Amino acid sequence: MSSMRNVIYFLIMTALIVLVGEFQSWNLALSIVNLCIISSIMALGVNMQWGYAGLFNAGIMGFAALGGLAAIVVSMPPVHEAWSAGGFGIFTGIVALIATVVAAVFSYRKMKGRPFRTAIVVLISIGGYFIMRSLFDPATDAIEKVNPATSGYLGGMGLPILLAWPLGGILAGAAAWVVGKITLGLRTDYLAIATLGISEIIVAMLKNEDWMTRGVKNVVGLPRPVPYEINLQQSDWFIQLSGRFDTDPVAFSSIFVKLCYAGLFTVVLLIILYLSEKALRSPWGRMMRAIRDNEVSANAMGKNITARHLQVFVLGSVVVGIAGAMLTTLDGQLTPSSYQPLRFTFLVWVMVIVGGSGNNWGAVLGGFVIWFFWIMSEPMGIWLMDVLTSQMGEGNALRSHLIDSAQHMRLMTMGIILLLTLRFSPRGLLPEKTGRH
Amino acid sequence: MELLNALALLSNYVLVPALAYGSQLALGALGVTLVFGILRFSNFAHGDTMAFGTMVTILFTWWFQSMGLHLGPLPTALLALPFGIVFCAAYVLLTDRVIYRFYRHKRADPVIYLIASVGIMFVTNGVVRFIIGPDDQNFADGERFIIKAGEFKKLTGLSEGVSIKASQGITVVTMVIVVALLFWFLNRTRSGKSMRAYSDNEDLALLSGINPDRVVAITWILAAALATIAGTLYGLDKSFKPFTYFQLLLPIFASAIVGGLGNPLGAIAGGFVIAFSEIMITYAYKRVVAYMIPGDWVPDGLVQLLSTDYKFAVSFMILLLVLLIRPNGIFKGTGT
């Protein structure tokens, strides 16, 4: 019965996309599909945290942004001039930072019960901070002076961008480990607020650490894992191929590129989905759900709740980081100012809740459905306002205000969808399967 | 003299702005903490509630201005503030009636309320942007300054001036009045006592015949009033932009947690701790140092701990520090 439901929902979703392709353009339909797949992967990550373990992560944006950072660090060519200007300073600065943290933690642990513990730890931190800044500042200034219009940052490693996907996951996972270590074990709200905080800070760093990310000047022109349209249009095999489909090579090249991305993304989605399903159906998955449903009895059975929470929190963030790196790859640029909590954090939440928390297929479906409506609600809102106010006449101020503001309808739509699902169908479109499987 | 100049400089750029900002944060954190104490969840929609109340206040301000109503040297917004509070309270009570009440009667898990508040955050954010637009709105009028830097210099003969904006003075005075009223209400009146009883022990309070719906309604009205006042003061002091108000959520949460979630006194202390650290850590002390030590010792840099772009980071770092050392906040809160 429930598998029938799965199939029907996914068929409806496919039909909606085909409709867009037929009536608007296949180009648009494919770009929606690509972002739907990325959204689904993010939703899968959040579903691990919320659906398996009941952890509320309000910092999805930050983990996705770390994935984006990985994309430029891996793929952009290194700026040798900047490296020779400030590379050593940055390196010593990072060493000083690590040494400070290690020294502070070490003395905090070793001095348990002795007098002046706090004072000494504070002194070490402040002293270390100033040493780090004195190494860092000249280096960053020097780096940012190297061709500020085109580079002004260290660049990356010049490796294939596909490597950034796993690296983005690792970066996000490391950040999640730090946050989780501090906040897991306290009540849920603290995790939510702490993750909200760290996501804002990660984005603030991307915006301001110009030596690393060029800040608000953006890094553009990331190398692609797929061919460029212009090269395709000039190669013989491609012209022949487009001739076989009886299409214009220019239009077809853009569709072809999007199809390549879609193929790559689908592979990642299927791998993560397969692993998630395996994990959920394993003893580990049953343990996670047992912890979620009743911490006290799971604890009595000898499960280490905090450690399991930390584990699943890191795993989920890794998946979000991978999705973030994929998104930056697809965009071909890192624009730190585009990371907005409503779009990146809370929208993914709507996906998970609407799709069906605890069910991986539900998370995938939620990613598709919500992204589709996120894109489509603006034209629909404008159309709706146009129809509603058509009696008012052309020059009416209220009418033009309503039509201009229709783009904000999408926020309201998302909120209302979330609230309605939570109230009337709290288990989502594809509810979690419980009992034997 | 040199020392006085350094002090004047510090007051102008650190003390006065931090007092005003701290008052705004404290009022915001009080709203979060009251909702947490009674309903036991962190209200993610609080920033947008602030934006909603401020938006209504701005609309009324514009209306009054167009009718020629004004308060002389005081900003017209103060006249519009009660209307903002009434509309905001009505809106918040509506969300409670339509959404939260259902979960309260089901005795749902606190995290469900939290998710519901995310939904309300989306809707409120949309409503505000829909009505007033996503851009900056400036609605301050009346006298701009209580004391200008130039007047201060002439008055004292110092080479550094202290200017106090009218909005800063109004903020601090309003904060003191509001907090005094709130504590009088919580400690002296029957309704306030029933709120505290409900917050301490829900079951016992219910057994003693306290009407939970009434307690919750009062809490929402207080939270809406505090949110509108905090939002309007912040808007007068800086400017109104829906996205900024959403972002204020982070320092407000930090204030509430640093002070101890659920503890009103803690919320006020937390607001000032966060505001002072944000401003003190991101202020460039170069000129202060220049007054304090001989000229050729002054360092080349700005003598700034963190660039001003990291204001949000400061509140978060303090939050993490408090969570590490004292998870219940400076004053003991109800959440563990």
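Residues numbered from 1 in each chain as written. Chains lettered and ligands numbered in written order. Predicted model: local features only at pLDDT ≥ 70, side-chain atom pairs only at ≥ 80, totals over all residues. Heavy atoms only, no water.

The name given to chain B in an unreviewed UniProt entry is High-affinity branched-chain amino acid transport system permease protein LivH, and the organism recorded there is Granulosicoccus antarcticus IMCC3135. Here chain B is described in UniProt, under the heading Sequence similarities (unreviewed entry), as follows: "Belongs to the binding-protein-dependent transport system permease family. LivHM subfamily." What UniProt states about chain B under its Subcellular location (unreviewed entry) heading is, verbatim, "Cell inner membrane". (UniProt positions renumbered as here; feature names shortened; annotations may be inferred.)

The name an unreviewed UniProt entry assigns to chain A is High-affinity branched-chain amino acid transport system permease protein LivH, from the organism Granulosicoccus antarcticus IMCC3135. What UniProt records for chain A under Subcellular location (unreviewed entry) is the sentence "Cell inner membrane".

### Side note on the overall build of chain B
When its secondary structure is counted, chain B shows 14 helices and two strands. Once the C-alpha set of chain B is aligned to its principal axes, its extents read approximately 70 × 55 × 35 Å. Counting over 336 residues, chain B shows a buried share of 59%. Within chain B, counting contacts between residues at least 6 apart in sequence, those at least 24 apart form 75% of the total. Carbon and sulfur atoms make up 66% of the accessible area of chain B, which amounts to about 13,900 Å² in all. (Helix = DSSP H or I, 4+ residues; strand = E, 2+ residues; numbered from the N terminus. Buried < 20%, exposed > 50% of the residue type's maximum accessible area, 1.4 Å probe, protein only. Contact = heavy atoms within 4.5 Å. Areas by Shrake-Rupley, 256 points an atom, 1.4 Å probe, with all protein chains shown as cover.)

### Looking at the interface of chain B and chain A
Taken together, the contact pairs 51 residues of chain B with 49 residues of chain A. For the pairing of chain B and chain A, the buried interface totals around 4,400 Å² over both sides, and the portion due to carbon and sulfur atoms is 78%. Remark: the boundary between chain B and chain A carries zero salt bridges. Counting every contact that joins chain B to chain A gives eight residue pairs in polar contact (both at pLDDT 80 or more). Elements supplying a minimum of two residues to the side of chain B that touches chain A: helix H3 (77–106), helix H4 (110–132), helix H10 (242–247), helix H11 (249–259) and helix H14 (311–325) of chain B. With 18 residues, H4(B) is the single largest residue contributor to the side of chain B that touches chain A. (Buried area = accessible area lost by both parts, 1.4 Å probe. Salt bridge = Lys/Arg side-chain N within 4 Å of Asp/Glu carboxyl O. Polar contact = N/O pair within 3.5 Å; in protein donor to acceptor, adjacent residues only side chain to side chain.)

### Examining the packing of aromatic side chains
For any two aromatic rings, the description comes down to two numbers: the centre-to-centre distance and the angle of the planes. In the structure shown here, the tally under the stated rule is 39 aromatic pairs over all chains. With 5.5 Å between their ring centres and 65° between their planes, A:Trp50 and A:Trp349 make a pair best called edge-to-face. On the criterion of sequence distance, the pair formed by A:Trp50 in helix H2 (residues 26–52) and A:Trp349 in helix H15 (residues 341–355) is long-range, its members being 299 residues apart. Like A:Trp349, A:Trp50 is buried. Considering the side-chain rings of B:Phe44 and B:Phe253, the 5.3 Å spacing of their centres and the 55° angle between planes classify their relative orientation as tilted. Taken as a pair, B:Phe44 in the loop between helix H1 (2–39) and helix H2 (46–67) and B:Phe253 in helix H11 lie far apart in primary sequence, 209 residues in all. B:Phe253 shares its class with B:Phe44; the two are buried. Joined through ring pairs, the aromatic side chains of A:Trp50, A:Phe56, A:Phe346, A:Trp349, B:Phe44, B:Phe243, B:Phe246 and B:Phe253 make up one cluster. Here the guanidinium or amino end of A:Arg410 rests over the ring plane of A:Trp374, the centre of that ring lying 4.5 Å away. (Phe/Tyr/Trp six-rings, centres within 6.5 Å; stacked < 30°, edge-to-face > 60°. Lys NZ or Arg CZ within 6 Å of the ring centre and 35° of its normal.)

### Considerations on the nonpolar core
In terms of nonpolar packing, the biggest core is built from 243 residues, with A:Ile41, A:Phe56, A:Phe346, B:Leu27, B:Phe44, B:Met195 and B:Phe240 touching the most fellow members. In terms of residues, this core owes the most to one element, H1(B), which gives 16 residues. Two domains each provide a minimum of three residues to this core, namely domain 1 (1–78 + 155–424) and domain 2 (80–154) of chain A. (Core = buried A, V, L, I, M, F, W, Y, C linked by side-chain atoms within 4.5 Å. Domains from an automatic or database assignment.)

### Considering the side chain of B:Thr49
Residue and element names in this part refer to chain B. Inspection of the secondary structure assignment puts Thr 49 in helix H2. Look at Thr 49 and you get buried, because its relative accessible area is 10%. When neighbours within four sequence positions are excluded, Thr 49 is seen to be in contact with Cys 88, Val 92, Thr 124 and Ala 227.

### Some thoughts on unusual backbone geometry
Residues other than glycine predominantly adopt negative phi, and peptide bonds predominantly adopt the trans conformation. A positive phi angle, near 65°, is found at A:Asn218, a position not held by glycine. Of note, A:Asn218 is situated in the loop between helix H8 (210–213) and strand E1 (219–220). Non-glycine residue B:Arg40 carries a positive phi angle of around 65°. Checked against the element boundaries, B:Arg40 lands in the loop between H1 and H2. For B:Arg40, a relative accessible area of 26% gives the class partly exposed.

### Side note on the domain arrangement of chain A
Residue and element names in this part refer to chain A. Partitioning chain A into structural domains gives domain 1 (1–78 + 155–424) and domain 2 (80–154). Distance between the C-alpha centres of domain 1 and domain 2: 33 Å. At the junction of the two partners, domain 1 supplies 10 residues and domain 2 supplies 14 residues. Summed over the shared surface of domain 1 and domain 2, the result is zero salt bridges. At the junction of domain 1 with domain 2, the criterion picks out four residue pairs in polar contact (both at pLDDT 80 or more). Here the side of domain 1 that touches domain 2 gets three residues from one element, more than from any other, and that element is H8.

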